[in-house]
Amino acid sequence: MTNATLTNHKKLLAWIDEIKELTTPDDIYIADGSKEEYQNMLNLMVEGGTAQWLAEDKKPNSVLIFSDPADVARVEDRTFICCEKEENAGPTNNWKDPKEMKDILMPLFKGCMKGRTMYVIPFSMGPVGSPIAHIGVEITDSPYVVANMHLMTRVGKPVLDVLGEDGEYVPCVHTVGAPLAEGEKSAAWPCNAENKYITHFPETNEIWSFGSGYGGNALLGKKCFALRIASTMAKREGWMAEHMLILKLTSPEGVEKYVAAAFPSACGKTNLAMMNPTIPGWKVECVGDDIAWMKFKEDGRLYAINPEAGFFGVAPGTNYHSNPNAMESLKANSIFTNVALTDDGDVWWEDIDGDVPAHLIDWNGNDWTPDGGKKAAHPNARFTAPAAQCPVIAPNWADPEGVPIDAILFGGRRATTQPLALEASNWEHGTFLGAAMASEKTAAAAGGLGELRFDPMAMLPFIGYNMADYWGHWLEMGDKGGDNMPKVFYVNWFRKDEEGKWLWPGFGENSRVLKWVVERCDGKADAVDSPIGKLPTKEAMDLAGLDMSDKDWDSLMKVDASEWLDVAGKIEEYFAKFGDKLPARLTKQLEALKARLEAAK
Ligand code: GTP
Ligand code: SPV
Ligand code: MN
């Protein structure tokens, strides 16, 4: 065992031994978190044919990796919540009895690391030692996971030091599920395409992941721990684990506000979190781009930390216009997965800056030319980059105490129906808006692109327990926080006109909506009542310098009562799935909405 002396934690050592007995790797390596270790992982991947170096004058110290075409995104239908009672997983999750699932998993894990090295990665979600942070230990047979965990979390010795001899950690076991026969060479991207299991045991705080090496399926600190397991811990302990970016907004007068926003996967969190505002004098700085853990402090307010240390961002669509700060973050020391390769050793993806090259190597490793009609990068191609490389990372982004949240935004991808922005009348109404959130499906998860689905609080794929109990938890947090709770808003950057063109320019222009939001928090901007919430007036929204006709504004903001009555009917059907678990206060909100819509018809 390499680095065995790094820890005296008896339980941890015993667990490592147990997993070794089960999975029978050739070697065991405990990650120390050093720079050399990271470089070794990159070298190992390059030598093994998993990765290739990008040109040093294009993307220094960065690698490109092509995954197996059958392993390109989260697999929601292979993701399970395993708890004693089915009703505790709820109708939105795939449920399995814990014992039954272990009976399926143990034979799969038996001998699954044969011919490979077993890596043990102690990691902290959140600044090491922060009162809001939690520790996990991921065991994996994938060097790709080790390298990514180095960028996405805090790993190694400092974490083991905090763990000491008996600290608590969440055990996370991951395997690509591709044991090697004697002398057999590993595939460049080993996985078990036909047999993936992403499983969570919230009652014992365990994670077992089999068969996939990609993103949230394999980097277990992210969705598995920081959302699915953490959401159950948060419910038990009275805090919140949310699929939210966190940004700091400073007005020209120097007033600082913190905004958190829950948008579904590939619906604009990374973009909003690090945007350059187009309105003069305003500044956005990034605290986090995907996950927020929030706890009450003595002053009664909610404080959030970003439990991650890097960005695992969607590459396609990212360019110097849409997200210049992401482009700057990924300039070096980054890992690129399933993007295309240019002839001069740089990366390329759809809608990146500049002319479309005449020749590329596409994400399948094949020659690509523009006339072939195929995408060069996979739609869920991603970059992994250290958060500290972001030019607008907030100076206090890693403050262990967190930042006080002033406003929460919900939002999804809606081509129709949903206006650009609205404000909830209070926390309970905000909870209702979050619970009734719907969005068109993106490439971040396998299957069903574009289909409209309910995605409450952007947590549909990430909630570790019954969604209705989660809504109840939101309401209870509101009862506890009272007037100190953040104000809640609902935004939609994705409304289109009849010709299918965006009605709103989006990206840096979203700062206009942020300005309205924080001015509403300070009681400074106007809003008018509508059946679905308080809408900004055209005068209250700073549209200076934007060529926005009254007609376009009206289309962008239109709330059609009969269309919304239809929506209310769908919400009612959706809520009915939760039976007795549905909080009465949400039923009351729905009834009130229907009454307001009827009156407006
Ligand atoms: P996950 O990492 O999967 O959780 O996604 P995310 O929510 O961070 O989404 P991201 O910011 O990476 O955006 C996903 C896609 O939406 C990219 O292709 C963006 O270019 C596009 N996008 C982001 N913001 C806007 C916007 O304001 N308007 C439009 N039209 N597109 C946007
Ligand atoms: C998401 O899908 O919301 C992501 C990417 O942030 S993954 O880590 O793969 O879940
Ligand atoms: Mn996400």
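Residues numbered from 1 in each chain as written. Chains lettered and ligands numbered in written order. Predicted model: local features only at pLDDT ≥ 70, side-chain atom pairs only at ≥ 80, totals over all residues. Heavy atoms only, no water.

Caption draft 1: Region of interest: the environment of Phe-575. Its location among the elements puts Phe-575 in helix α15 (residues 561-576). With relative accessibility at 2%, the residue Phe-575 sits in the buried group. With near-sequence residues (within four places) excluded, Phe-575 lies in contact with Phe-432, Ala-435, Trp-471, Leu-582, Leu-586 and Leu-590. (Helix = DSSP H or I, 4+ residues; strand = E, 2+ residues; numbered from the N terminus. Buried < 20%, exposed > 50% of the residue type's maximum accessible area, 1.4 Å probe, protein only. Contact = heavy atoms within 4.5 Å.)

Caption draft 2: The coordination of the manganese ion (ligand 3), seen in detail. Looking at the manganese ion (ligand 3), the protein donor atoms are Lys-223 (NZ), His-243 (NE2) and Asp-290 (OD), and they sit 2.2 to 2.4 Å from it. Here the manganese ion (ligand 3) binds six donor atoms, and the angle range of 73 to 174° at the metal identifies the geometry as octahedral. When the donor residues of the manganese ion (ligand 3) are listed from N- to C-terminus, their spacing reads K-x19-H-x46-D. Residue His-243 is found in the loop between β12 (240-242) and β13 (245-250), and its partner Asp-290 is found in the loop between β15 (283-288) and β16 (292-296); the two are separated by 47 residues along the sequence. With respect to burial, His-243 and Asp-290 carry one shared label: buried. (Donors = N, O, S within 2.8 Å, 3.2 Å for Na, K, Ca; no water. Tetrahedral: all angles 85-135°; square planar, octahedral: opposite > 155°, others 65-115°.)

Caption draft 3: View of the site of ligand 1. Lining the immediate environment of ligand 1, one finds 22 residues, of which Ala-266, Lys-269, Thr-270, Asn-271 and Arg-382 sit closest. One of the backbone nitrogen or oxygen atoms of Ala-266 is found 2.7 Å away from an oxygen atom of ligand 1. A distance of 2.8 Å separates an oxygen atom of ligand 1 from a polar atom in the side chain of Arg-382. Here ligand 1, which alone exposes 660 Å², has 92% of that area covered by the protein. Elements with a minimum of two residues in the shell around ligand 1: α9 (269-273) and β18 (310-314). Its residues placed into classes, the shell around ligand 1 shows ten nonpolar, eight polar and four charged. Counting only domains with at least three residues in the shell around ligand 1, you end up with domain 2 (242-307 + 398-600) and domain 3 (310-389). (Near = heavy atom within 4 Å. Polar contact = N/O pair within 3.5 Å; in protein donor to acceptor, adjacent residues only side chain to side chain. Areas by Shrake-Rupley, 256 points an atom, 1.4 Å probe, with all protein chains shown as cover. Nonpolar A, V, L, I, M, F, W, Y, C, P; charged D, E, K, R; others polar. Domains from an automatic or database assignment.)

Caption draft 4: Just the environment of Pro-122, in detail. Structurally, Pro-122 can be placed in strand β6 (residues 117-125). On the basis of relative accessibility, which here comes to 1%, the residue Pro-122 falls in the buried class. Along the chain, Pro-122 and Asp-32 lie 90 residues apart, while their C-alpha atoms are 8.3 Å from each other. If sequence neighbours within four positions are ignored, Pro-122 has contacts with Ala-31, Gly-136, Val-137, Arg-154, Val-155, Gly-156, Val-159 and Leu-160.

Caption draft 5: Inspection of the side chain of Arg-512 at higher detail. Within the fold, Arg-512 resides in helix α13 (residues 511-521). For Arg-512, the contacting residues outside a window of four places in its chain are Thr-278, Ile-279, Trp-504, Met-541, Asp-542, Leu-543, Ala-544, Gly-545 and Leu-546.

Caption draft 6: Geometry of the pattern of salt bridges. Inspection of every chain in the model, using the stated rule, returns 34 salt bridges. We note a salt bridge from Lys-515 to Asp-542, for which the minimum N-O separation is 2.7 Å. In this pair, Lys-515 is assigned in helix α13 and Asp-542 in the loop between β32 (533-536) and α14 (550-557), connecting sequence segments 27 residues apart. With respect to burial, Lys-515 and Asp-542 carry one shared label: buried. The partner of Glu-591 in a salt bridge is Lys-594, with the nearest N and O atoms 3.6 Å apart. (Salt bridge = Lys/Arg side-chain N within 4 Å of Asp/Glu carboxyl O.)

Caption draft 7: Structural detail: the sheet that holds strand β19 (residues 335-337). Sheet architecture is open: five strands sit in the order β2-β3-β19-β24-β18, paired in mixed fashion. The open sheet has two free edges, formed respectively by β2 (51-53) and β18, since each of these has just one partner strand. Here the average twist between neighbouring strands, direction ignored, is 20°. Sheet topology places β2 next to strand β3 (residues 63-65); three bridges connect them, and they run antiparallel. Looking at the pairing, Trp-53 lines up with Val-63 of β3. (Pairing = 2+ DSSP bridges. Axes fitted to C-alpha atoms, helices over the stretch in contact; angles between N-to-C directions.)

Caption draft 8: Inspection of the site of ligand 2 at higher detail. Taken together, the residues surrounding ligand 2 are Arg-74, Gly-215, Gly-216, Lys-222, Lys-223, His-243, Ser-265, Asp-290, Phe-312, Arg-382, Ala-444 and Phe-462. Side-chain polar atom of Lys-223 to an oxygen atom of ligand 2: 2.7 Å apart, as the coordinates give it. Residue His-243 places a side-chain N or O atom 3.3 Å away from an oxygen atom belonging to ligand 2. Considering ligand 2 on its own, with 290 Å² of exposed area, one finds that the protein chains cover 98% of that surface. Only α7 (215-218) and α8 (221-237) provide two or more residues apiece to the shell around ligand 2. For the shell around ligand 2, a count of residues per class yields three nonpolar, four polar and five charged. Split by domain, the residues of the shell around ligand 2 number at least three in each of domain 1 (4-30 + 78-237) and domain 2 (242-307 + 398-600).

Caption draft 9: View of the UniProt feature "domain: Phosphoenolpyruvate carboxykinase C-terminal P-loop" (unreviewed entry) in the protein chain. Following the UniProt record, one finds the feature "domain: Phosphoenolpyruvate carboxykinase C-terminal P-loop" (unreviewed entry) at residues 239-596. When the span residues 239-596 is considered, its composition is 23% helix and 23% strand, and the gap between its end C-alpha atoms is 33 Å. (UniProt positions renumbered as here; feature names shortened; annotations may be inferred.)

Caption draft 10: Main features of helix α2 (residues 35-47). In a regular helix each residue adds 1.5 Å, so 13 residues correspond to 18 Å; α2 covers 18 Å between its end C-alpha atoms and thus fits that length. Looking at the buried positions of α2, the neighbouring elements they touch are β1 (27-30), β2, β3, β6, α5 (143-152) and β19. Directly beyond the C-terminal end of α2, a positive phi value near 85° is found at Gly-49. (Expected span 1.5 Å × (residues − 1).)

Caption draft 11: Quick peek at the domain arrangement of the protein chain. Partitioning the protein chain into structural domains gives domain 1 (4-30 + 78-237), domain 2 (242-307 + 398-600) and domain 3 (310-389). Domain 2 and domain 3 are separated by 29 Å when their C-alpha centres are compared. Across the boundary between the two partners, domain 2 contributes eleven residues, which contact eleven residues of domain 3. Taken together, the two surfaces of domain 2 and domain 3 that pack against each other cover about 970 Å², and 55% of this comes from carbon and sulfur. Among the residues of domain 2 in contact with domain 3, Met-274, Ala-443 and Phe-507 are the three that bury the most area, contributing 43% of the side total. (Buried area = accessible area lost by both parts, 1.4 Å probe.)

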